[in-house]
Amino acid sequence: MNLRFTKMQGAGNDVVVLDATRTALALTTQQLRQLADRRFGVGCDQILLVEPPQQDDVDFTYRIFNADGGEVEHCGNGARCLVRFLVDKGLTQQRSVRVRTLNKTLELSLQDDGRVSVDMGTPLFDHLDIPFDGGGLMPRHEGLFELWPLSLADSVSCEVAVLSMGNPHAVQRVADVDQAPVALLGPQIEGHARFPKRVNAGFMQVLSRREVRLRVYERGAGETLACGTGACAAVVAGIRLGWLDEAVEVHARGGDLRIEWAGISQGLRAAVRMIGPASTVFEGEIVL
Ligand SMILES: N[C@H](CCC[C@H](N)C(=O)O)C(=O)O
């Protein structure tokens, strides 16, 4: 099969975008993995498949596949790339579009400065929604947001905040992200038994109440240069834990994201807003 694709990146998190708005496209897990492979394929962290809407309150369906071929619920950096793709390809005449993922409806808006603003929806904290197995332990009292201990190999343990942005996240605070053992602990946290659907593992260094540095070992992709939902999860966790204000600059290794969540002043059901870059790197055709 010859397949046209567009290679894009948002803060260094790179994606392959496939247009299935006019012709249906069904790729096997093996084909997805090959597409994402940096030697045998194009190479990317995630593959985004754009399809016609399945419901009348959205403009497109937005499907996301990790480099391991698994379909997932959300990709924040990918969402920014998506609206840039839709506008550049003339698939929409609007500068704002609504898209539906597996479990979320997102509003994406192209800003005059070229960055993209995304309404990332409401974070979820109930362990069943993440999902997270607290092992019979429950928050010490209703509504308390706290860190949970995870036992790892060689008697190592860490404490993580757990929450969902539609996809699962476990965020820990570290003194220095450059020194954080992401390669060692990331895979152990990703596959930890307390996360039935695995998890994205965030490592956050708090520089001030309005600025953090973040590294994320992503479920199904490994460490990426940025993780949009990971940035949202880290800021929401930091706000609920009293470390951060309601608007934060997140410095990822591949670029900067602005995350806003008025979850304290407007209640936990407030939506998270993410603003950041998105750009096309190249177009091509691959033989799968
Ligand atoms: N690895 C994530 C999907 C991509 C998320 C990330 N690339 C983003 O920008 O949000 C997961 O399995 O939930």
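Residues numbered from 1 in each chain as written. Predicted model: local features only at pLDDT ≥ 70, side-chain atom pairs only at ≥ 80, totals over all residues. Heavy atoms only, no water.

- The name recorded for the chain in an unreviewed UniProt entry is Diaminopimelate epimerase, from Roseateles rivi.
- For the chain, the Catalytic activity (unreviewed entry) comment in UniProt is given as "(2S,6S)-2,6-diaminopimelate = meso-2,6-diaminopimelate".
- Looking at the Subcellular location (unreviewed entry) heading of the UniProt record, one finds this comment for the chain: "Cytoplasm". (UniProt positions renumbered as here; feature names shortened; annotations may be inferred.)

### Some points on the domain arrangement of the chain
Accessible area lost when the parts come together is the quantity often used to give the size of an interface.
Item 1. For the chain, the assigned domains read domain 1 (2-121 + 278-287) and domain 2 (140-269).
Item 2. Counting residues at the interface gives 20 residues for domain 1, matched by 20 residues for domain 2.
Item 3. In total, domain 1 and domain 2 occlude about 1,400 Å² of area from one another, counting both sides; carbon and sulfur atoms represent 49% of this.
Item 4. Looking only at domain 1, the three residues that lose the most surface to domain 2 are Ala11, Glu73 and Met120, adding up to 31% of its buried area.
Item 5. Taken together, the links from domain 1 to domain 2 amount to two salt bridges.
Item 6. Here domain 1 is connected to domain 2 by eight residue pairs in polar contact (both at pLDDT 80 or more).
Item 7. The dominant element in the side of domain 1 that touches domain 2, judged by the number of residues it contributes, is helix α2 (residues 76-88), at three residues.
Item 8. Taken together, the residues of the side of domain 1 that touches domain 2 sort by class into five nonpolar, 10 polar and five charged. (Domains from an automatic or database assignment. Contact = heavy atoms within 4.5 Å. Buried area = accessible area lost by both parts, 1.4 Å probe. Salt bridge = Lys/Arg side-chain N within 4 Å of Asp/Glu carboxyl O. Polar contact = N/O pair within 3.5 Å; in protein donor to acceptor, adjacent residues only side chain to side chain. Helix = DSSP H or I, 4+ residues; strand = E, 2+ residues; numbered from the N terminus. Nonpolar A, V, L, I, M, F, W, Y, C, P; charged D, E, K, R; others polar.)

### Looking at the UniProt feature "binding site: substrate" (unreviewed entry) in the chain
Item 1. The residues that UniProt annotates with the feature "binding site: substrate" (unreviewed entry) are Asn13, Gln46, Asn66, Gly76, Asn77, Asn167, Asn200, Glu218, Arg219, Gly228 and Thr229. Checking the annotated residues one by one, the ones that line the largest cavity turn out to be Asn13, Gln46, Asn66, Gly76, Asn77, Asn167, Asn200, Glu218, Arg219, Gly228 and Thr229.
Item 2. Following the sequence through the fold, Asn66 ends up in strand β4 (residues 60-66).
Item 3. Asn66 sits in the buried class, given a relative accessible area of 4%.
Item 4. Excluding its chain neighbours within four sequence positions, the residues that come into contact with Asn66 are Asp45, Gln46, Val72, Arg219 and Gly220.
Item 5. Within the fold, Gly228 resides in helix α4 (residues 228-240). (1 Å grid on protein atoms, 1.4 Å probe; cavity = no way out; pocket = protein on both sides within 12 Å on 5 of 7 lines; lining within 4 Å. Buried < 20%, exposed > 50% of the residue type's maximum accessible area, 1.4 Å probe, protein only.)

### As for the site of the ligand
Item 1. Of all residues adjacent to the ligand, which total 15 residues, the nearest are Asn13, Glu218, Arg219, Gly228 and Thr229.
Item 2. Glu218 has a polar side-chain atom sitting 2.8 Å from a nitrogen atom of the ligand.
Item 3. Separating an oxygen atom of the ligand from a side-chain N or O atom of Thr229 is a distance of 2.6 Å.
Item 4. Compared with its free state, where it exposes 360 Å², the ligand has 100% of that area covered by protein.
Item 5. According to the grid-proximity analysis, the pocket containing the ligand is the largest cavity.
Item 6. Elements that contribute at least two residues to the shell around the ligand include exactly α2 and α4.
Item 7. Taken together, the residues that form the shell around the ligand break down as three nonpolar, 10 polar and two charged. (Near = heavy atom within 4 Å. Areas by Shrake-Rupley, 256 points an atom, 1.4 Å probe, with all protein chains shown as cover. Sits in = over half its atoms within 2 Å of the grid points.)

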